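What the coordinates show
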Amino acid sequence: MSTETTTEKNLSFVLSGIHQVSFEDRPVPELKDPHDVLINVKFTGICGSDVHYWDHGAIGNFVLKDPMVLGHESSGVVAKVGSEVTSLKVGDHVAMEPGIPCRRCEPCKSGKYNLCVAMAFAATPPYNGTLARYYVLPEDFCYKLPSTVSLEEGAIMEPLGVAVHIVKQGEVSPGQTVVVSGAGPVGLLCCAVARAFGASKVIAVDIQPSRLEFAKTYAATSVFEPSKTATPEQNADRLKEENDIPLGADVVIDASGAEPSIATGIHATRNGGVYVQGGMGRSEITFPIMAACQKELTVRGSFRYGSGDYKLAVDFVSSGRVDAKSLITGVVKFEEAEQAFKEVKAGKGIKTLIAGQE
Ligand SMILES: NC(=O)C1=CN([C@@H]2O[C@H](COP(=O)(O)OP(=O)(O)OC[C@H]3O[C@@H](n4cnc5c(N)ncnc54)[C@H](O)[C@@H]3O)[C@@H](O)[C@H]2O)C=CC1
Ligand SMILES: O=C(CO)[C@@H](O)[C@H](O)CO
Ligand SMILES: [Zn+2]
């Protein structure tokens with residue numbers, strides 16, 4: 001008979017091939033460094049990238065070769081601390097930043113650790129994700145949640161960190177007009193962060209009317225539904241006209257990854273404005289490069305989150321400047337994790353969380 005108690009087990013949701021998932025009892029991970037902490041994972045949001053691995057087995061160059069635990073948008077409770085941990089104690093509630101950089105390469109040392117050449121990112125092959133009972137992180141990648149912020153909201157800090165980074169890349173400043181194309185969780189959070197950065201007008205764009213309805217009640221000051229039969233230039237012209245911005249928006253963010261959205265976004269940016277690519281869709285597309293050239297646009301990418309982004313995400317939610325709660329439209333039990341993937345793929349709700357285990 002095993003001497004292990006149930007709480008020592010580490011039931012994990014594992015992907016081993018396209019649509020091949022199982023629950024595996026894996027060893028409880030060990031603290032490898034005196035600054036590590038063991039976290040009992042409590043809530044995990046499902047991200048489009050988790051769904052993509054489940055549905056396709058790969059994202060770009062990241063190809064699933066060995067079974068991998070899914071999940072990277074998590075919060076939890078500290079269960080054990082390493083001998084040199086000073087910032088956390090057992091029982092603390094934390095948001096978990098799921099990508100651990102090497103801290104030694106040039107991007108890390110220049111302060112851009114999200115661009116680390118040796119990043120170990122949860123649920124990106126070959127690294128296991130957080131959909132398990134336990135997960136280990138260095139203490140400085142755990143963000144203590146104040147008592148006013150729930151563990152459910154703690155799981156939203158990951159996509160909120162993505163949105164904070166995107167809006168920082170856009171250099172959004174008070175009084176500006178910002179267009180956010182794609183009103184899924186990331187785009188909606190970009191709208192909220194742009195408002196928190198002082199943008200006066202935030203125009204949410206989506207092809208799904210239900211998402212635009214949600215955006216209106218959430219953080220957008222207005223919404224725009226592009227026509228599927230119009231050209232990107234025609235859609236951009238109508239967006240500018242309907243929103244009284246004849247010169248275009250100061251900042252345009254793509255949070256869809258869709259080719260027509262990207263082209264429309266470039267045409268909707270004002271001369272000298274900033275365009276940020278946050279959405280991740282097809283690797284190569286037709287891009288209106290002449291418009292970007294002639295308008296002297298600053299075109300930037302945005303990848304995950306870096307210094308200060310998670311901290312600001314927690315601060316935005318705890319101060320009430322960003323509403324994380326409204327985005328949570330469903331919570332399923334751990335044993336129903338696969339059902340949640342099906343629902344997210346079908347576009348049900350905004351953000352579905354998977355509850356953790358005791
Ligand atoms: N840059 C980064 O580090 C990260 C990027 N992402 C990416 O951000 C994007 C958004 O993520 P979620 O909000 O979770 O995805 P989502 O799939 O829930 O939302 C995307 C939205 O874009 C809309 N859309 C599709 N075609 C459009 C078009 N032509 N014009 C306007 N809207 C259109 C969809 O209707 C949907 O509402 C995804 O591409 C995802 O892969 C996600 C995490 C990190
Ligand atoms: O979903 C995210 C972050 O939220 C992506 O960075 C994936 O890690 C890509 O594999
Ligand atoms: Zn993600």
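It should be noted that the structure appears before, not after, this text.
Below: a short report on this structure. Note on numbering: residues in each chain are counted from 1, in written sequence order. To label them, take the chains in the order written and letter them from A, then take the ligands in the order written and number them from 1. This being a predicted model, a pLDDT of at least 70 is required before a residue's local features are given, and a value of 80 or more before pairs of side-chain atoms are given or counted; all residues contribute to the totals for chains, interfaces and linings. Only heavy atoms go into the side-chain values, all of them from the structure, while hydrogens and water stay out.

**A short note on the nonpolar core**
To define a nonpolar core, start from buried Ala, Val, Leu, Ile, Met, Phe, Trp, Tyr and Cys residues and group those joined through side-chain atoms within 4.5 Å. Burial classes: relative accessible area under 20% of the type maximum marks a residue as buried, over 50% as exposed, and values in between as partly exposed (1.4 Å probe, protein chains only). Counting residues in hydrophobic clusters, the biggest one holds 61 residues, and the most contacted among them are M157, L160, Y218 and I253. Per the convention used, a helix needs a DSSP run of H or I reaching at least four residues, while a strand needs a run of E reaching at least two, with both numbered from the N terminus. Top contributing element to this core by residue count: helix α3 (residues 151–169), with 10 residues. Any pair of residues with heavy atoms lying within 4.5 Å of one another is described as a contacting pair. Leave out the neighbours within four places in its chain, and I253 touches I166, V167, V178, V179, V180, S181, C190 and V276.

**Some words on the sheet that holds strand β6 (residues 68–69)**
Taken in spatial order, the 3 strands line up as β2-β1-β6 in an open sheet, and their pairing is antiparallel. Every interior strand has two partners, whereas the edge strands, β2 (20–26) and β6, have only one. Relative to β6, strand β1 (residues 10–17) runs antiparallel, the two sharing 2 bridges. Looking at β6, one finds that L15 is bridged to M68. Two strands form a pair only when DSSP identifies at least two bridges running between them.

**Overview of the side chain of T352**
Here T352 shows up in strand β20 (residues 351–355). Look at T352 and you get buried, because its relative accessible area is 4%. Each residue touching T352, except ones within four places of it in the same chain, is listed here: T44, G45, I46, G330, V332, A340 and V344.

**Topic: the coordination of the zinc ion (ligand 3)**
Counted as coordinating are nitrogen, oxygen and sulfur atoms within 2.8 Å of the metal, or 3.2 Å for Na, K and Ca, while water is not included, which may make sites look incomplete. Coordination sphere of the zinc ion (ligand 3), protein contribution only: C47 (SG) and H72 (NE2), at 2.1 to 2.4 Å. For the zinc ion (ligand 3), the 4 donor atoms are set out with angles of 75 to 150 degrees between them, so the coordination reads as irregular. Of this pair, C47 sits in the loop between β3 (36–45) and α1 (48–56) while H72 is found in the loop between β6 and β7 (73–81), placing the two residues 25 residues apart along the sequence. For the pair formed by C47 and H72, the shared burial category is buried. Square planar and octahedral assignments, for four and six donors respectively, both demand that opposite donors be over 155 degrees apart and that all other angles lie between 65 and 115; tetrahedral needs four donors with all angles between 85 and 135 degrees, and anything else is irregular.

**Some remarks on unusual backbone geometry**
For the bond running from P125 to P126, omega is 10 degrees, close enough to zero to count as cis. Positionally, P126 belongs in the loop between β10 (120–121) and β11 (134–138). With a phi angle near 50 degrees, E171 is a residue other than glycine that sits in the positive phi range. Among the structural elements, E171 can be located in the loop between α3 and β13 (177–181). Given the relative accessible area of 51%, E171 is considered exposed.

**Some details on the site of ligand 1**
By convention in these notes, a residue is near a molecule or strand provided one of its non-hydrogen atoms lies within 4 Å of it. Taken together, 21 residues lie around ligand 1, and D206, R211, M280, S302 and R304 are the ones closest in. Between ligand 1 and D206, the relevant distance is 2.7 Å, taken from an oxygen atom to a side-chain nitrogen or oxygen of the residue. Between N or O atoms, a polar contact is any pair within 3.5 Å; within protein, one atom must be a potential hydrogen donor and the other a potential acceptor, and residues adjacent in sequence are included only when both atoms are from side chains. Residue R211 places a side-chain N or O atom 2.9 Å away from an oxygen atom belonging to ligand 1. Residue burial considers only the protein chains on display, and all accessible areas are found by Shrake-Rupley using a 1.4 Å probe. For ligand 1, the protein covers 82% of the area, taking 860 Å² as the surface of the free molecule. Residue polarity follows a fixed list, in which Ala, Val, Leu, Ile, Met, Phe, Trp, Tyr, Cys and Pro are nonpolar, Asp, Glu, Lys and Arg are charged, and the others, Gly among them, are polar. Among the residues forming the shell around ligand 1, the class breakdown is 9 nonpolar, 9 polar and 3 charged.

Function cannot be inferred from these measures alone, as they are strictly geometric.
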